[in-house]
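# Geometric and topological summary
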Amino acid sequence: MKFAQRSALLYLIFLAGDAALAQEATAVWSQLSQPTLAANKSTNVSNLLLARDRIRITLAEGVIHFLEPSGGVVYGAEFHGRGRVQVQLPNALEVQQLRLFVEQDTLDLEFSDAVFVFSDATYQEIARQVQWASFSGAGPAPLYISRQQEREDVGAELLPRLFKSVLSTDRMRTGLFVADLKTAEKGWVQVRFDALEPEEISVGRWVKWIRTTQFETWLSFPAGDRGPSEAYRDPMSREDFLIRGYRIDASVSEAEELRAATQVLLEYRATGERVLVFELDSNLRLESVKTEQGALLPFFQPRDPKDREQSYGDYMAVVLPEATRAGARETLEFRYAGKRVVRKVGQDNYFCQSYGWYPTRPTSFASRADFEMTFRSPRKYTL
């Protein structure tokens, strides 16, 4: 009896820990998803320069409003006024690429409105140079929300990337700076500096392509005057973790539903990360994510696309109970199910893409992993 009572108590403590972790993660995610303007973080700016490597953004004249922090981090702002973005190109290939889209040898565009998304020191950089004023319009951030909604509608997946960096203990390593700029000539243009990408700098815009909207890349190159060969010498160099092994138990029903329990062996390469972001077809809805010890982990997915032509993103962001330690290994179990991943392509013929039906990373094809797989299908079919 004593043993039973003790076990029950430990189980209750275990559940309380899971609940507290989920509550903390959900609060940060909700705040990032539903941003509000801070009442006391508004200011007039004049000729304020934001420089990121070869990127130069000048806020010539206008008002900038910062958002309320999430997880203690100020992560965004709206700007209304006049500004200018300039990007000096590193080589002739990038010049040739830019000419195809804007007929310029050096990117130089004026803008009237801007939305900034960041996890680096942008807020501190601006705060040192300005005097704050109270702002009567505190509340929902209309321009920021509008741009965020448009990005989600095309599956841009900026939200999980920001979420990861906000909860990171090393925001210098995971630094992110994104500027959405409203130009007269080209509409909304996105300028991005992402410290986790081999090519940190990218510039482009979203354009309609047949039945979907795709990102039209104008520029993409490494920072610090590095060449592409140096940037991609080790394509996994910026990864938080490597996937070393899979144990997949999957079944497909006659109703074309895929259901799987997948155990993923991870090897951490970075210290201090609380959020792991994986790729997974968003038609597959997660039921649970667990550690080897059975602890339930909070996770976040985009909206279910159902029969929509374009997804809202194909990711899952998983929150760890403790920050990662470089060199450590851990196994996570993912349970998920969904339709529209296995599709009928003829009489009694079905097809599933080779990617998207189990957790991966964009760089997964640059590494190796062991696979142990079990598949089940209705007896009348050959798998």
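Okay, so let's go over this structure. Throughout this document, residue positions are counted from 1 along each chain, in the order its sequence is written. Owing to the predicted nature of the model, reporting of local features is limited to residues with pLDDT of at least 70; listing and counting of side-chain atom pairs is limited to 80 or more, with chain, interface and lining totals taken over all residues. Note that the side-chain values use all heavy atoms of the structure and ignore hydrogens as well as water.

On to the overall build of the protein, then. Of regular secondary structure, the protein possesses six helices and 19 strands. The reference for a compact globule is 2.2 Å times residues^0.38; the radius of gyration itself is calculated from the C-alpha atoms. Relative to the 2.2 N^0.38 estimate, which gives 21 Å for 383 residues, the radius of gyration of the protein is 23 Å and therefore close to what a compact globule would have. For the protein, the spread of C-alpha atoms along the three principal axes comes to 70 × 60 × 40 Å. Here the protein holds 383 residues, and 47% of them are scored as buried. Intrachain contacts of the protein at a sequence separation of at least 6 include 68% that bridge at least 24 residues. Counting from the N terminus, the helices are the DSSP runs of H or I reaching at least four residues and the strands are the DSSP runs of E reaching at least two. Burial here depends on accessible area, computed with a 1.4 Å probe over protein chains only, as a share of the maximum for the residue type. Under 20% is buried, over 50% is exposed, and the range in between is partly exposed. Whether two residues are in contact is decided by their heavy atoms: any pair within 4.5 Å suffices.

A separate point is the environment of Leu 162. In this structure, Leu 162 sits in helix 5 (residues 158-166). As a C-alpha pair, Leu 162 and Phe 66 span 96 residues in sequence and 16 Å in three-dimensional space. In contact with Leu 162, other than residues within four places in its own chain, are Leu 32, Tyr 75, Val 117, Phe 118, Ser 119, Tyr 144 and Leu 176.

The next thing to look at is the nonpolar core. We call a set of buried residues a nonpolar core when its members are Ala, Val, Leu, Ile, Met, Phe, Trp, Tyr or Cys and they connect through side-chain atoms within 4.5 Å of each other. Core analysis: the biggest nonpolar cluster contains 56 residues, and Phe 163, Leu 266, Phe 278 and Phe 334 have the highest contact counts within it. Discounting chain neighbours no more than four positions away, the residues touching Leu 266 are Phe 241, Leu 242, Ile 243, Leu 276, Phe 278, Ala 328, Arg 329, Glu 330 and Leu 332. Among the nonpolar cores identified, the runner-up in size contains 38 residues, and Ile 57, Leu 109, Val 130 and Val 191 belong to it.

Moving on to helix 2 (residues 92-102). By the burial criterion, the buried members of helix 2 are Glu 94, Val 95, Leu 98 and Val 102. Along the axis of helix 2, the buried residues cluster in a sector spanning 100°; they form a single face. In this structure, helix 2 carries Ala 92, Leu 93 and Leu 100 as exposed residues pointing more than 90 degrees from its buried face. Buried positions along helix 2 lie against strand 4 (107-118) and strand 9 (212-221). Its side-chain oxygen placed 3.1 Å from the backbone nitrogen of Leu 93, Asn 91 serves as the N-cap of helix 2. In the stretch just after helix 2, Glu 103 is the one whose phi turns positive, near 55°. In this description, the arc belongs to the directions extending from the helix axis to the C-beta atoms. Under the rule applied, a polar contact is a pair of N or O atoms within 3.5 Å (in protein, one hydrogen donor and one hydrogen acceptor; residues adjacent in sequence only if both atoms are side-chain atoms).

Whether two strands pair depends on DSSP finding at least two bridges between them. One open sheet accounts for nine strands, arranged 5-1-2-3-4-6-7-8-9; its pairing is antiparallel. Each having just a single partner strand, strand 5 (139-140) and strand 9 make up the two edges of the open sheet. Axis definition: a line fit to C-alpha positions, over the contact stretch in the case of helices; interaxial angles, taken between N-to-C directions, run 0 to 180 degrees. Sheet contacts for helix 2: strand 4 and strand 9; angle to strand 9, the most-contacted strand, approximately 145°. Sitting on the sheet, helix 5 is in contact with strand 4, strand 6 (176-183) and strand 7 (187-194), with an inclination near 140° to strand 6.

Remember that side chains alternate between the two faces of the sheet whenever the strand is regular. Relative to strand 11 (residues 258-268), strand 10 (residues 241-252) runs antiparallel, the two sharing 11 bridges. Opposite Tyr 246, over in strand 11, you have Val 264 as the bridge partner. Linking two consecutive strands that pair antiparallel, namely strand 10 and strand 11, is a turn of five residues; a positive phi of about 70° is found at Glu 256 within it. Relative to strand 19 (residues 370-376), strand 10 is paired through seven bridges, and the arrangement is parallel. If you follow Tyr 246 over to strand 19, its bridge partner there is Phe 371.

A separate point is the sheet that holds strand 14 (residues 299-300). Taken together, three strands build an open sheet; the order of strands is 12-15-14 and the sheet is antiparallel. Of all strands in the sheet, those bounded by a partner on one side alone are strand 12 (275-279) and strand 14. Where strand 12 lies against strand 15 (residues 315-319), five bridges are found, and the strand directions are antiparallel. Directly across from Glu 279, in strand 15, lies its bridge partner Tyr 315.

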